[in-house]
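This is what each chain is made of:
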Amino acid sequence: MLDVVQIAVLNDNYVYLAHDAASGETAVIDPAVSEPVLAEAARRGWTITQILNTHWHPDHVGGNAAIVAATGARVTGPKGEAERIPEISRSVGDGDTVTVGASTARVFDVGGHTLGHIAYAFDADDVLFPGDTLFALGCGRLFEGTPEQMSASLATLMALPDSTRVYCAHEYTQSNARFAVTVEPSNAALSARVVDIDARRAKGLPTVPSTIGEERATNPFVRAGSVAEFARRRAAKDNFRG
Ligand code: ZN
Ligand code: FE
């Protein structure tokens, strides 16, 4: 089983360590920076053997070079963005698998936020690393892709089991919640979730991970009934000042 450790860095980024105790392998997912990641691994007595990147944005790959220099970790990243992933040693896309010790992830193409964006789903561990594609109560902005592409990407991720834990790359939940309640003011599951989110943030606690089941019940982007509705909601959120 993978042991997943969350490291909060920069303003609102989450970097993750995924450790397989049996083999001693440790992967880091989307290292925005290197120092707190290397420090957390050292504190636990873990050696980083792999970096898994979801897309090329600097707040997801910024720590690659220094972590590789410190550990010799090999870097796996999206095929479609390989030239923009520092130190990449393996390019992957839809249908490929990545192993961390005894755990295997399926790779999915989930373009939209960026064109080549990928996600890693460790099925047996019930763990998803969706990068900036799916957030708690939200989804990534469409910097490069189309609404068609992003809604298809979200549908791909929503086909995972409800129990899947969603380790997204940002703590954007409270802002997403303020928008979500304007879309579905009478969704009782959403209202209850927002109470919980506000309580967690008031104590300085993370709201991530959520689960696919929670997103299915409350996330306005995955709940859009059509691509057109998704596109309207995404545009409304881009202009939302809540
Ligand atoms: Zn991004
Ligand atoms: Fe990001």
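Source: prediction; values computed, not measured.

Q: Got a minute to help me understand the sheet that holds strand β7 (residues 97–100) in this structure?
A: In space, the 6 strands of this open sheet follow the order β7-β8-β9-β10-β13-β14, with mixed pairing throughout. Strand pairing shows two members of the sheet lacking a second neighbour, β7 and β14 (210–211), which therefore form its edges. In terms of strand pairing, strand β10 (residues 127–129) meets strand β13 (residues 165–166) through 2 bridges, oriented parallel. Bridging from a neighbouring strand, Val127 pairs with Arg165 of β13.

Q: How should the nonpolar core be read in this particular structure?
A: One recurring pattern in soluble globular proteins: nonpolar side chains tend to sit buried together. Residues Tyr16, Leu52, Tyr120, Phe122 and Phe129 are the most contacted members of the largest nonpolar core, which totals 22 residues. Counting 19 residues, the second-largest nonpolar core is a separate cluster that includes Val5, Ala41, Ala73 and Ile85.

Q: Would you mind showing me how to read the coordination of the iron ion (ligand 2) here?
A: Any two of four tetrahedral donors ideally make an angle of 109.5 degrees at the metal, while pairs among six octahedral donors ideally make 90 or 180 degrees. Every protein donor of the iron ion (ligand 2) is accounted for by Asp59 (OD), His60 (NE2), Asp132 (OD) and His170 (NE2), and the metal-donor separations fall at 2.0 to 2.3 Å. In this structure, the iron ion (ligand 2) is surrounded by 4 donor atoms whose angles at the metal cover 84 to 170°, and the resulting shape is irregular. Between the two metal centres, the iron ion (ligand 2) and the zinc ion (ligand 1), the spacing is 3.1 Å, with Asp132 acting as a shared donor. Remark: His170 occurs in the loop between β13 and α5 (173–183) and Asp132 occurs in the loop between β10 and β11 (134–135); sequence separation between them is 38 residues. Side by side, Asp132 and His170 carry an identical accessibility label, which is buried.

Q: Any chance you could explain the pattern of salt bridges here in plain terms?
A: Should their charged atoms come close, side chains of opposite charge can pair. Under the definition given, this model contains 10 salt bridges. In this structure, Glu40 engages Arg43 in a salt bridge whose closest nitrogen and oxygen atoms are separated by 3.0 Å. Placement of both Glu40 and Arg43 in helix α1 (residues 35–44) is noted, with a separation of 3 residues, approximately one turn of the helix. Its relative accessible area of 62% is what places Arg43 among the exposed residues. Between Arg233 and Glu229 there is a salt bridge whose closest N-O contact spans 3.4 Å. Of this pair, Arg233 and Glu229 both sit in helix α8 (residues 227–238), 4 residues apart, which is roughly one turn of that helix. Assessed through its relative accessible area of 14%, Arg233 is described here as buried.

Rules used in this analysis
- Residues numbered from 1 in each chain as written.
- Chains lettered and ligands numbered in written order.
- Predicted model: local features only at pLDDT ≥ 70, side-chain atom pairs only at ≥ 80, totals over all residues.
- Heavy atoms only, no water.
- Pairing = 2+ DSSP bridges.
- Helix = DSSP H or I, 4+ residues; strand = E, 2+ residues; numbered from the N terminus.
- Core = buried A, V, L, I, M, F, W, Y, C linked by side-chain atoms within 4.5 Å.
- Buried < 20%, exposed > 50% of the residue type's maximum accessible area, 1.4 Å probe, protein only.
- Donors = N, O, S within 2.8 Å, 3.2 Å for Na, K, Ca; no water.
- Tetrahedral: all angles 85-135°; square planar, octahedral: opposite > 155°, others 65-115°.
- Salt bridge = Lys/Arg side-chain N within 4 Å of Asp/Glu carboxyl O.

So, to be careful, I would describe these as geometric facts and stop short of saying anything about function.
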